[in-house]
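What the coordinates show
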Amino acid sequence: MEMNQETLEKMRQMRLLGMYNAFKTSMDSFKAETMTTDQFVSWLVSNEWDDRCNRMIERLIKQASFRYKASLEEVDYSLDRGLDRNQLQRLAELSFVKEAKDLFVTGSAGTGKSYIATALGYRACQKGLKVLYANTARLMGQLKVAKAKGTILQELKKIERTDLLILDDFGIQPFDAGGRSNLMDIIEDRHGKSSTLITSQVPVKGWYDIIGERTIADAVLDRIVHQAVRVELHGDSLRKMQSKK
């Protein structure tokens, strides 16, 4: 028994937490006695593997900075908003991320754009991908502060390293000169290398005016529009419909 306690302590110090918990459980339940040595070792390793995967997913979700939790399994297809179940299920396979394609989810306020984007972000984290969720206007404000502090390059590099960048509520506020420049840097850094998911109340054809300056608008849209996958929603606000129930 003393040897087992020493083994547990070594596992804890080596941060083999999944193995630690499994071995401790086996001591309490005599589980080891029902398995061969090979089976027992395999069971310990599987528990360590699962624990590390779960902790990695938790870390990725925390780093993504989602506003709320969302799940693709809880998406409501019964509402008439133009949401194609087959399309969303294909998107859930995340091939668009692996192929570094962009995704646009557009539609009027309250049609579930942010929820769908967040649910896809959660799925990406569960697959071990680095995700960053950001409200577009707030991100541009943060980058403006970072530029004043002299840390803008570090912030842009952090964005560049993500596998999936979610720019939510794109176009709620028009871009100023600093915002246009930062948007151009973000898109240029990610073009052909990483995927950007944009949600917007404004149809894609209206993004030119939102970005503003002609040269930058042309450059940004030329890099994202032609190869992007699109989900176009319509109908009344889900929040409005739920409030009437």
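Reference entry: report on the structure contained in this document. (Residues numbered from 1 in each chain as written. Predicted model: local features only at pLDDT ≥ 70, side-chain atom pairs only at ≥ 80, totals over all residues. Heavy atoms only, no water.)

What follows deals with the overall build of the protein chain. Of regular secondary structure, the protein chain possesses 12 helices and 5 strands. Projected onto the principal axes, the alpha-carbon positions of the protein chain cover approximately 75 × 50 × 35 Å. The proportion of buried residues among the 245 residues of the protein chain is 44%. For the protein chain, the proportion of contacts with a sequence separation of at least 24, taken over those separated by at least 6, is 80%. For the protein chain, the accessible area works out to roughly 14200 Å², and carbon and sulfur atoms hold 50% of it. Within the protein chain, one finds 38 positive and 33 negative side-chain charges whose respective centroids are separated by 4 Å. (Helix = DSSP H or I, 4+ residues; strand = E, 2+ residues; numbered from the N terminus. Buried < 20%, exposed > 50% of the residue type's maximum accessible area, 1.4 Å probe, protein only. Contact = heavy atoms within 4.5 Å. Areas by Shrake-Rupley, 256 points an atom, 1.4 Å probe, with all protein chains shown as cover. Lys, Arg positive; Asp, Glu negative; His and termini not counted. Charge placed at Lys NZ, Arg CZ, Asp CG, Glu CD.)

It is worth spelling out the environment of Val202 at this point. Note that Val202 resides in the loop between strand 4 (195-200) and helix 10 (207-211). If near-sequence neighbours (up to four positions away) are discounted, Val202 is found in contact with Thr106, Gly171, Trp207 and Ile210.

Judged by pairing direction, the sheet is parallel, and its 5 strands sit side by side in the order 2-3-4-1-5 without closing on themselves. Only two strands of the sheet have a single neighbouring strand rather than two, namely strand 2 (131-135) and strand 5 (229-232). Adjacent strand axes in the sheet meet at a mean angle of 10 degrees when their direction is disregarded. Both strand 2 and strand 3 (residues 164-168) contribute to a ladder of 5 bridges, which runs parallel. Each residue of the ladder has a partner; that of Val131, found in strand 3, is Leu164. (Pairing = 2+ DSSP bridges. Axes fitted to C-alpha atoms, helices over the stretch in contact; angles between N-to-C directions.)

To characterise two packed helices, one gives the angle between the axes of the helices and the distance between these axes. Direction vectors running N to C along helix 8 (residues 152-160) and helix 9 (residues 177-190) enclose 40 degrees, while the axes themselves pass 9 Å from each other. Between helix 8 and helix 9, the angle is such that the two are oblique. For the pair helix 8 and helix 9, the sense of crossing is right-handed. Between helix 8 and helix 9, the contacting residues are Ile152, Leu156, Ile159 and Glu160 on the first element and Asn182, Asp185, Ile186, Asp189 and Arg190 on the second. Residues of the contact of helix 8 with helix 9, tallied by class, amount to 4 nonpolar, 1 polar and 4 charged. (Parallel < 35°, antiparallel > 145°, perpendicular 65-115°, else oblique. Left-handed = near helix turned anticlockwise from the far one by under 90°. Nonpolar A, V, L, I, M, F, W, Y, C, P; charged D, E, K, R; others polar.)

This paragraph deals with the environment of Gly141. Take Gly141: it is sitting in helix 7 (residues 136-149). Measuring from C-alpha to C-alpha, the distance between Gly141 and Gly179 comes to 7.9 Å, with 38 residues separating the pair along the chain.

Throughout the structure, instances matching the rule amount to 8 aromatic pairs. Both rings, one in Phe23 and one in Phe40, keep their centres 6.1 Å apart while their planes meet at 55 degrees; by these two values the pair is tilted. Separated by 17 residues along the polypeptide, Phe23 in helix 2 (residues 17-29) and Phe40 in helix 3 (residues 37-64) bring together distant segments of the chain. A residue is classified by how much of its surface remains accessible, and Phe40, at 13% relative accessible area, is buried. Clustering of aromatic rings is evident, with ring pairs tying together Phe104, Phe170, Phe175 and Trp207. (Phe/Tyr/Trp six-rings, centres within 6.5 Å; stacked < 30°, edge-to-face > 60°.)

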